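# Chains, contacts and geometry: an overview
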Amino acid sequence: MNGTVGASGLILNEPLLWEKGRKGRRGMSMVESGVPPAPIDAGLCDEGPDFPDLSEIDVIRHYTRLSQWNFGIDSGMYPLGSCTMKYNPKINERMAATPEIACAHPMLDDASSQGVLRIMFELQQFLAVITGMDAVSLQPSAGAQGELAGMLIFAAWFRSRGEKRTKILIPDTAHGTNPASAALCGFTPVPLKSGDDGRLAVETVAALMDGETAGIMLTNPNTLGIFESNIRAIAEAVHARGGLVYGDGANMNAIMGIADPRKCGVDVLHLNLHKTFSTPHGGGGPGAGPVCVVQALEQFLPAPRVIRDDSGYRLADGGPSSIGRLHAFHGNFSVLVRAWSYIRSMGPEDLKKASQLAVLNANYVKERLKGTLHLPYDQPSLHECVFSDQFQHDHGIRTLDMAKRLIDYGYHPPTVYFPLVVPGAIMIEPTETECRDDLDQFVEAFKAVVQEAADTPDLLLQAPVRAKLRRLDETRAARHPCLCG
Ligand SMILES: *Cc1c(COP(=O)(O)O)cnc(C)c1O
């Protein structure tokens with residue numbers, strides 16, 4: 001295992017502060033008081049809170065050790081497919097932390113907030129250019145909430161036309177949030193089967209698209225990392241029956257400056273700023289999932305949005321058709337700042353290059369690992385590639401075992417068992433920010449794991465063996481979560 005990233009260094013165990021504390025330890029010393037002591041009202045302070053007594057170094061070591069248990073993109077490669085765990089340049093963090101920006105109060109009036117409103121206004125414009133759409137709302141806080149906004153817009157559109165449509169088409173490669181968002185808005189998801197080449201066929205869509213179907217939710221490139229090359233014809237088939245096309249733009253990192261969702265026939269699209277546009281994510285938030293629409297649907301967008309008129313930038317409420325607010329204030333503003341800063345610092349040419357390199361890196365990993373791992377859809381991919389554990393079945397080794405063993409080699413595991421159309425899926429998205437040396441090291445680590453699957457399968461069944469914790473009982477953890485530490 002020499003020469004790999006490896007988790008073999010000092011990772012120290014750490015008890016709770018309560019277990020560490022000893023009566024009488026102090027973290028600071030107070031100056032002698034010059035004021036005579038006076039009793040505090042009885043009852044107010046009979047018993048102090050249950051805080052442990054700790055010295056300064058106890059506290060510093062405690063939190064420093066805990067911080068070293070984290071694995072993040074700043075510590076190593078994080079090839080989690082469909083999540084775009086790319087490196088987030090620190091300049092964008094610095095922009096978001098600028099006091100004038102970070103301390104802007106959401107209830108300040110427009111005249112006192114011209115700078116921050118301008119950032120939001122420009123971001124709306126940048127995202128419109130990148131997606132080819134006409135209008136953007138920055139309100140949604142995540143991709144899934146962008147989908148919810150999109151489905152509410154679908155529902156509002158049909159309501160405004162006096163039509164009742166109850167179903168929505170969703171391919172079998174879709175992210176689970178798609179059917180969930182549609183169902184929340186009262187639509188019944190109708191599954192669509194992808195073809196043998198991992199793409200949707202126009203006939204599959206046309207056969208199911210009827211007057212009761214609101215339209216389709218399509219991810220492009222899809223979660224197999226494959227471009228839905230029939231998308232224009234699919235969109236035409238949906239539009240021909242009066243339906244709308246929803247684009248899940250979570251995979252925009254593959255196509256910035258290359259493919260234009262609008263020209264593909266998309267009517268509503270969400271973006272995941274925390275994936276494509278440089279916000280560290282994976283710990284549960286915050287994120288941002290702006291929703292972008294064609295002109296005919298602008299009136300339904302969530303509000304407020306920033307507009308510019310003679311007096312400058314201001315927040316405009318939605319009209320009577322708007323689906324309303326999705327956020328207490330104006331979206332997750334610090335995430336918006338990072339995206340604005342990322343787009344400004346990259347510029348159009350470099351955004352395009354980022355997508356090209358993301359695609360190149362995924363294809364590189366795919367070519368180097370195919371043969372070692374089973375590749376169910378052997379064709380050029382976009383930003384991610386999907387393998388399966390089929391070659392390892394003879395040794396009794398499954399995807400989960402290999403994923404766990406990669407932890408011993410110092411890697412966050414790839415996405416596993418998704419998309420559902422590939423049994424035992426292993427979905428790798430290296431992103432553009434990994435250099436060739438790091439990709440080679442990852443590939444070598446994966447090859448070593450596959451070799452171990454044949455030579456020492458028992459070891460893999462126990463993996464991880466070098467991490468702080470061994471294999472967890474995930475079912476028990478989900479059924480009986482221990483939330484009290
Ligand atoms: C991540 C993802 C989503 C959901 O986005 P969140 O920001 O996690 O809510 C939806 N669709 C696809 C394809 C995704 O990869």
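All of the points below concern the structure found in this document. No experiment lies behind these values; they were computed from the predicted model shown. Each chain carries its own residue numbering, running from 1 in the direction its sequence is written. pLDDT decides what is reported in this predicted model: residues at 70 or higher carry local features, side-chain atom pairs at 80 or more are listed and counted, and totals for whole chains, interfaces and linings draw on all residues regardless. Side-chain metrics in this entry use all non-hydrogen atoms of the structure; hydrogen atoms and water are not considered.

## As for the side chain of Glu432
Definition in use: The helix and strand labels rest on DSSP assignments: H or I over at least four residues marks a helix, E over at least two residues marks a strand, and numbering proceeds from the N terminus. N or O atoms within 3.5 Å of each other form a polar contact, as long as, within protein, one can give a hydrogen and the other can take it, and as long as residues adjacent in sequence are counted only when both atoms are side-chain atoms. What makes two residues a contact is simply this: any of their non-hydrogen atoms within 4.5 Å.
Among the structural elements, Glu432 can be located in the loop between β12 (426–428) and α13 (436–455). A distance of 3.0 Å separates the side chain of Glu432 from the side chain of Asn253, its partner in a polar contact. Sequence-distant contacts of Glu432, that is, excluding residues within four places in its chain, are made with Lys86, Asn253, Tyr342, Ala354, Leu357, Ala358 and Asn361.

## Thoughts on the sheet that holds strand β3 (residues 188–192)
Sheet strands associate in pairs through backbone hydrogen bonding, adopting either a parallel or an antiparallel arrangement. Formally: The criterion for strand pairing is that DSSP finds at least two bridges linking the strands in question. Geometry is summarised by axes, namely lines fitted to C-alpha atoms with helices restricted to the contacting stretch, and by angles between N-to-C directions that run from 0 to 180 degrees.
In spatial order, the strands read β1-β7-β6-β5-β4-β2-β3; together these seven strands make up an open sheet with mixed pairing. Unpaired on one side and paired on the other, β1 (135–137) and β3 mark the two borders of the sheet. Looking at each pair of strands side by side, their axes are set apart by 25 degrees on average, direction ignored. Together, β4 (213–219) and β5 (244–249) form the strand contacts of helix α9 (residues 231–240), whose direction differs from that of β5 by roughly 140 degrees.

## A look at the sheet that holds strand β11 (residues 415–416)
Overall, antiparallel pairing links the three strands, which are arranged β10-β12-β11 in an open sheet. Only two strands of the sheet have a single neighbouring strand rather than two, namely β10 (385–387) and β11. The pairing of β11 with β12 spans two bridges and is classified as antiparallel. Paired with Val416 across the bridge in β12 is Ile426. Contacting β10 and β12, helix α11 (residues 333–369) runs over the sheet at an angle of about 25 degrees to β10.

## Concerning a nonpolar patch on the surface
Just so we agree on the cut-off: Patch construction takes residues with relative accessible area above 30% that form no salt bridge. Like charges are linked within 9 Å, and nonpolar side chains (Val, Leu, Ile, Met, Phe, Trp, Tyr) are linked within 5 Å. Here the open area of atoms and residues is found with the Shrake-Rupley method and a 1.4 Å probe, where only the protein chains shown may cover a residue. In the sections that follow, a salt bridge refers to a side-chain nitrogen of Lys or Arg positioned within 4 Å of a carboxyl oxygen of Asp or Glu.
Taken together, the side chains of Leu16, Trp18 and Phe51 define a hydrophobic patch exposed on the protein surface, amounting to about 360 Å² of accessible area. With respect to the secondary-structure elements, Leu16 resides in the segment before α1 (17–20).

## Considering the packing of aromatic side chains
A ring pair, where both rings are aromatic, is described by two values, the distance of the centres and the angle of the planes. Here is the rule: Two aromatic rings, drawn from Phe, Tyr or Trp (for Trp, its six-membered ring), form a pair once their centres lie within 6.5 Å of each other, and the interplanar angle then sorts them: stacked below 30 degrees, edge-to-face above 60, tilted otherwise. Exposure is judged per residue with a 1.4 Å probe applied to protein chains only, and the accessible area is read against the type maximum: over 50% gives exposed, under 20% gives buried, and values in between give partly exposed. Both a distance and an angle decide whether a charge sits over a ring: NZ of Lys or CZ of Arg must be within 6 Å of the ring centre and within 35 degrees of the ring normal.
A full pass over the atoms with the stated rule returns six aromatic pairs. Their ring planes at 75 degrees and their centres at 5.1 Å tell us that Tyr411 and Phe442 sit as a pair that is edge-to-face. Residue Tyr411 is found in the loop between α12 (399–408) and β11, and its partner Phe442 is found in helix α13; the two are separated by 31 residues along the sequence. Considered together, Tyr411 and Phe442 belong to a single accessibility category, that of buried residues. Here the basic side chain of Lys468 rests over the ring of Trp69, its NZ or CZ set 4.1 Å away from the ring centre.

## Points about the packing of helix α3 (residues 90–97) against α11
How we decide: Roughly parallel here means an angle under 35 degrees, roughly antiparallel means over 145, roughly perpendicular means 65 to 115, and every remaining angle is called oblique. Crossing handedness is read from the near helix: turned anticlockwise from the far helix by less than a right angle, it gives a left-handed crossing, and turned clockwise, a right-handed one. Three classes are used: nonpolar for Ala, Val, Leu, Ile, Met, Phe, Trp, Tyr, Cys and Pro, charged for Asp, Glu, Lys and Arg, and polar for all others, with Gly counted as polar.
The N-to-C vectors of α3 and α11 enclose an angle of 130 degrees; their axes lie 8 Å apart at closest approach. Here α3 is positioned oblique relative to α11, judged by the angle of their axes. Once α3 is placed against α11, the crossing between them reads as right-handed. Contacts from Ile91, Asn92, Glu93, Met95 and Ala96 in α3 reach Ser334, Val337, Arg338, Ser341, Tyr342 and Ser345 in α11. Of the residues in the contact of α3 with α11, the class split is five nonpolar, four polar and two charged.

## Section: the site of the ligand
Quick note on the threshold: Near is defined per residue: the residue qualifies when any heavy atom it owns lies within 4 Å of the molecule or strand.
The full set close to the ligand counts 13 residues, and Ser82, Gly143, Asp248, His274 and Lys275 are the nearest of them. The separation between an oxygen atom of the ligand and a polar side-chain atom of Ser82 is 2.7 Å. Ala144 has a polar backbone atom sitting 2.8 Å from an oxygen atom of the ligand. In the complex, the protein chains occlude 87% of the 380 Å² of accessible area that the ligand would expose alone. Taken together, the elements giving at least two residues each to the shell around the ligand come down to α6 (143–160) and α10 (273–276). Here the shell around the ligand gets three residues from one element, more than from any other, and that element is α6.

## Describing the packing of α11 against α13
Orientation of α11 relative to α13, taken along the N-to-C sense of each, is 30 degrees, at an axis distance of 10 Å. Relative to α13, the element α11 is oriented roughly parallel. As α11 packs across α13, the resulting crossing turns out to be right-handed. Contacts between α11 and α13 pair Asn361, Tyr364, Val365, Arg368 and Leu369 from the former with Arg436, Leu439, Asp440, Phe442, Val443, Glu444, Phe446 and Lys447 from the latter. Here the residues of the contact of α11 with α13 sort into seven nonpolar, one polar and five charged.

That is the geometry; function is a separate question.
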